[in-house]
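Observations on the three-dimensional arrangement
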Amino acid sequence: MQTPNRPTGNLFERLTTFLPLLWLSLAFLAGILLARQVHISTLIWLCLAAAGLLLALLIRLLLVPRELRLFSLQPSVAFLASLALAVFFLGAARYQVTVPRVDAHHIAWYSDRDYEVLVTGTVADPPDERDTYTNLRVDVSAVNTGDQTLGVHGLILARLAPGGNWQYGDVVRLRGHLKTPPSNEEFSYQDYLARQGILSYMPDAEATRLPFTAGNPVLRLVYTFKDFAVQRIYQIFPDPEASLLAGILLGNDNGMPADLQQAYKNTGTAHIIAISGFNIAIIAGLFVALFSRLLGRRRGAVAAVAGIVLYTVLVGASASVVRAAIMGGLGIFARQVGRRQHGLVALSSTAAVMALVNPYVPWDVGFQLSFGATLGLILYAQSFQDGFEGLLARRLPAETARKIAAPVSEFFLFTLAAQLTTLPIMAYQFQRISLIAVLANPFVLPVQPAVMILAGLALLLGLVYLPLGQLVGWIAWPFAAYTDRAVEFFNRFPNGVIVLGDFSFLFVVLFYAILFLLTFPGPRLKRTLRPILTPTVILAALGIATYLVWAAAFDAPDGRLHLTFLDVGSADAVLIQTPQGRTILVDGGESPSLLTPAIGRRLSPFARSLDWLVVASTQEGEVAALPRLLERYPVSNVLWSGTVDASYSAETLNALLTAGGLPITQAFPGMKLDLGDGATLNVLATNPRGAVLLVEWKSFRTFLPVGVNFDSINGLDNGKAVGPVTALLLADSGYGPSNPLEWLANLHPQLAILSVAAGDPNGMPDTSVVAALKDVTLLRTDRNGWIEITTDGTQMWVDSQQK
């Protein structure tokens, strides 16, 4: 017979029965999330909380026998649920209390006025100094609108010219226009600042420092010390390694070049340079590994926590760093107790306390990454290590397996555990995920203990005596330089980053739902999954998933413009892929069996559609394949030129487009189709036969005279109105009258493309056209197959099938 106090069932059941603090903490957080969406007065939320508490007391009194009514006993599920309901409403009330009331006594009341205001306040944080401006976060005490000075409260963000040597605690007077922070579909600066309590900003501020100071004197001393330490780093180390170490040691990465910062983001190693929960969660694991070897398991954990505390003080102990340090310390605690339940309780309760102090913290990306990374370490770090060690133990002695598994776990598996639970957050918040991160982190992370310890030692010694710090700095520098070079190396890997664009929140929910369902399966689900999830099935699923992910990666936009001249015989079919990943097809030839496979190889299997179909000529040989194409590849928009009755296929195509309700835009001279990032598809001329097109991006120009006729040639002054082009598609498969010699001379292309079938029945191309291009690089689809031009607007790369 089971004893009442022994945990039974799966982990989820034990969490429900024995860890009420976990569920109460989650209920409090859920209440805050609800209050963000449902606006009810604080009094109503408190009344609902009181009702929930009353319900909990009634259940406690009615369901638990009097002789067993001790707080040491586990409450019933009904009691816990009712108590969680009360805490849920308390969380909502806590959020509602912090919603600012904007009236004449709040600085946001004076936003978006036509006149300048004079604002007096105290610099509430260290200045955010950039190359071209400085941001000051100012706690306002008074505002002068020109008529009178009023006492007000609230925070604003002021943008000033660079320089000024501003400090925390400076009392300043600002002149400028108060604005509501902007918001758009891609990023809401308004929401971002609102989470910090800032509802107004002054983008054109002029500041005057008043002759006294305010603020916390201890914080002022800490921030002054941090500024001095940053200066010492740049005196000890050369750049860009100095900028890297300023970010790692002191959380100041403003000096790092933009391209190097982007490289760290692309390779999934940005957690190294920005002090965040993700960073400290990983560093905590490295500290434990280092100190455990020197001091033993438990003393090493204590030393690791002490190291994180000292590190937090060193970098200024800002709210974000304290949050990150708490999360990192929790990761160490969870690993030491060896019980996921306790780690989950500590994590959730800490998150609840942080939300109690600042109810806006759940929307902070740093908090989300901190929470996610620590959750991954709690749930999966030890399991990954044990599983890998067990796998090795099947082939190797147990001691050897343990020695191999330890470093692999520290530098790879623990990172993988943290990335597993932060992946959907990064996808949703940044619309991109890094595939190369799994490969880059194991190469970069092993040297980070040396980077932090040696560089930190150099800084400490340099603060006392600069030459001594510089001496140790030369020992630390190779590790920092290796970090930068390794990141730049992995950043050059093609398709290492998947740019997702808008990422639905529903996918985030589904990801976590499936992940936690597999992490905490019920007994019935376990019995169902056990015969299905065999090693062969798991490996096959991983293989398929890997293939699909990499297939999506190779199809992701790379920020360049691609023009592919498809091999469809003696006709034109040009596939344009824009820097942002949109797809445009210009005509298609007469063979569906040639066109549709060529399109299919170049479109992502997850996005089998065309953004635009450009009908540049309505001749039979140019559009005969397009009606069949519509059946296989949906089209969103159509740009049409040429008469509909020019061919049977043109009439069929027009009827299909009309029946499908697709928007058809008639081309006209001077029309431009925006391809993104400044690239355009220009309509230079139209006629009953079709249109003459020009693709432009910066200095790159490709001329596509698909529907050219004699009137168009004359109208463009034999090409003088167009001028020299980068690449030229020869009209009508090299037909002489459509490509007159003066026309070719005025266009003066660097590269000529000839779309023609092998053994063309009409004898194309004309020899005169080929002879006129003897000094120009000429590529032909009958000899070279498909031809792809890739450009960034200034340079051009050409690839071909090479038959």
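Residues numbered from 1 in each chain as written. Predicted model: local features only at pLDDT ≥ 70, side-chain atom pairs only at ≥ 80, totals over all residues. Heavy atoms only, no water.

The next subject is the overall build of the protein chain. When you go through the protein chain residue by residue, the secondary structure sums to 28 helices and 25 strands. Looking at the 803 residues of the protein chain, the share that counts as buried comes to 47%. Accessible surface computed for the protein chain: about 38300 Å², of which carbon and sulfur atoms make up 61%. (Helix = DSSP H or I, 4+ residues; strand = E, 2+ residues; numbered from the N terminus. Buried < 20%, exposed > 50% of the residue type's maximum accessible area, 1.4 Å probe, protein only. Areas by Shrake-Rupley, 256 points an atom, 1.4 Å probe, with all protein chains shown as cover.)

Taken as a whole, helix α21 (residues 592-600) has its buried residues at Leu595, Thr596, Ala598 and Ile599. Buried residues of α21 fall within an arc of 165° about the axis and therefore sit on the same side. In this structure, the buried side of α21 is in contact with β12 (574-577), β13 (583-586) and α23 (626-632). (Arc of directions from axis to C-beta. Contact = heavy atoms within 4.5 Å.)

Further remarks concern the packing of aromatic side chains. All chains considered together, the criterion is met by 10 aromatic pairs. Between Phe511 and Tyr512, the ring centres sit 5.8 Å apart and the planes meet at 90°, which makes this aromatic pair edge-to-face. Look at Phe511 and you get partly exposed, because its relative accessible area is 27%. Judged by its relative accessible area of 16%, Tyr512 falls in the buried class. Among the aromatic residues, those joined into a ring-pair cluster are Trp45, Phe88 and Phe89. Between the NZ or CZ atom of Arg159 and the centre of the ring of Tyr133, over which it lies, the distance is 3.9 Å. One residue, Arg602, lies across the ring of Trp786, its end atom 5.0 Å from the ring centre. (Phe/Tyr/Trp six-rings, centres within 6.5 Å; stacked < 30°, edge-to-face > 60°. Lys NZ or Arg CZ within 6 Å of the ring centre and 35° of its normal.)

Moving on, we come to the packing of helix α7 (residues 241-250) against helix α16 (residues 448-464). Viewed as axis vectors pointing N to C, α7 and α16 meet at an angle of 90°, and their least axial separation amounts to 10 Å. Here α7 lies roughly perpendicular to α16, going by the angle between them. Along its contact with α7, which presents Leu245, Ile248, Leu249 and Leu250, the element α16 presents Gln448, Val451, Met452, Ala455, Gly456 and Leu459. Across the contact of α7 with α16, the residue classes break down as 8 nonpolar, 2 polar and no charged. (Axes fitted to C-alpha atoms, helices over the stretch in contact; angles between N-to-C directions. Parallel < 35°, antiparallel > 145°, perpendicular 65-115°, else oblique. Nonpolar A, V, L, I, M, F, W, Y, C, P; charged D, E, K, R; others polar.)

Right, let's talk about the sheet that holds strand β19 (residues 690-697) for a bit. Across a sheet, strands are paired by hydrogen bonds formed along the backbone, either parallel or antiparallel in direction. Spatially, 7 strands are ordered β17-β18-β19-β20-β21-β22-β23 in an open sheet, and the strand pairing comes out mixed. Among the strands making up the open sheet, the edge pair consists of β17 (672-676) and β23 (777-780). For this sheet, the mean angle separating the axes of adjacent strands, direction not counted, is 20°. As defined by bridge partners, strand β18 (residues 679-687) adjoins β19 across 7 bridges and the pair is classed as antiparallel. (Pairing = 2+ DSSP bridges.)

Relative to the helices and strands, Val756 is located in the loop between β22 (751-754) and α27 (767-772). Spatially, the C-alpha atom of Val756 lies 3.9 Å from that of Ser570, the residues being 186 residues apart in sequence. Those residues within four positions of Val756 in sequence are excluded, and the remaining contacts are Gly569, Ser570, Ser733, Met764, Arg780, Thr781 and Asp782.

Per the counting criterion, the structure on display carries 8 salt bridges. Arg689 is paired through a salt bridge with Asp732; the nearest N and O atoms lie 2.7 Å apart. Taken together, the residues span a long stretch of sequence, with Arg689 in the loop between β18 and β19 and Asp732 in the loop between β21 (727-729) and α26 (741-747) at a distance of 43 residues. Note on Arg689: relative accessible area 21%, which makes it partly exposed. The exposure class assigned to Asp732 is buried, which follows from its relative accessible area of 19%. Note that Glu696 and Arg701 form a salt bridge whose closest N and O atoms lie 3.0 Å from each other. (Salt bridge = Lys/Arg side-chain N within 4 Å of Asp/Glu carboxyl O.)

Turning our attention to a nonpolar patch on the surface. Together, Tyr428, Phe505, Leu506, Phe507, Val509 and Leu510 line one region of the surface with nonpolar side chains, adding up to about 590 Å² of accessible area. Sorting elements by how many residues they give to the nonpolar patch places helix α18 (residues 505-519) first, with 5 residues. Considering the arrangement of structural elements, one finds Phe507 in helix α18. Accessibility expressed as a relative area gives 51% for Phe507, which makes it exposed. (Patch = residues over 30% accessible without salt bridge, like charges linked within 9 Å, V, L, I, M, F, W, Y side chains within 5 Å.)

This part takes up the sheet that holds strand β25 (residues 796-800). Read from one edge to the other, the open sheet built from 8 strands follows the order β16-β15-β14-β13-β12-β11-β24-β25, with strand pairing classed as mixed. At either margin of the open sheet sits one strand with a lone partner, and together these are β16 (664-666) and β25. On average, adjacent strands in this sheet sit at an angle of 20° to one another, irrespective of strand direction. Relative to β13, β12 runs antiparallel, the two being bridged by 4 bridges. In the sheet register, Ile576 faces β13, and the bridge partner there is Ile584.

In this section: the side chain of Ser647. If you trace the backbone, Ser647 turns up in the loop between β15 (635-640) and α24 (648-659). Of note is the side chain of Ser647, whose polar atom sits 3.1 Å from the backbone nitrogen of Ala650. Excluding residues that lie within four positions of it along the chain, Ser647 makes contacts with Thr618, Gln619, Glu620 and Val623. (Polar contact = N/O pair within 3.5 Å; in protein donor to acceptor, adjacent residues only side chain to side chain.)

This part is about the confidence of the model for the protein chain. With 82% of its residues at a pLDDT of at least 70, the protein chain reaches an overall mean of 79. Between residues 1-18, whose pLDDT stays under 50, and residues either more than four places distant or in other chains, the model counts 30 contacts. Confidence drops under pLDDT 50 across residues 66-75; counting only partners more than four residues distant or on other chains, this segment forms 9 contacts. (pLDDT = per-residue confidence, 0-100.)

Moving on, we get to unusual backbone geometry. Looking along the chain, the bond that leaves Met764 and enters Pro765 is cis, with omega of 0°. In this structure, Pro765 sits in the loop between β22 and α27. Located in the positive-phi region is Asp677, a residue other than glycine, with phi close to 60°. Relative to the helices and strands, Asp677 is located in the loop between β17 and β18. With relative accessibility at 48%, the residue Asp677 sits in the partly exposed group. Even without being a glycine, Asp717 presents a positive backbone phi close to 55°.

The subject of this paragraph is the side chain of His562. Relative to the assigned elements, His562 resides in strand β11 (residues 561-565). Residue classification places His562 among the buried positions, given a relative accessible area of 13%.

Where helix α13 (residues 365-393) contacts α18, the two axes come as close as 12 Å, and the packing angle between them is 30°. The pairing of α13 with α18 is recorded here as roughly parallel in orientation. The chirality of how α13 crosses α18 is left-handed. Contacts between α13 and α18 pair Leu375, Leu379 and Tyr380 from the former with Leu515, Phe516 and Thr519 from the latter. Here the contact of α13 with α18 is composed, by residue class, of 5 nonpolar, 1 polar and no charged. (Left-handed = near helix turned anticlockwise from the far one by under 90°.)

Further remarks concern the pairing of β12. Here β12 shows a buried face lined by Val574 and Ile576 and a second buried face lined by Leu575 and Gln577. Note that β11 and β12 share 4 bridges and pair antiparallel. Each bridged residue has a counterpart across the sheet, and for His562 the counterpart in β12 is Gln577. Connecting the antiparallel pair β12 and β13 is a turn made up of 5 residues, with Gly581 showing a positive phi of about 95°.

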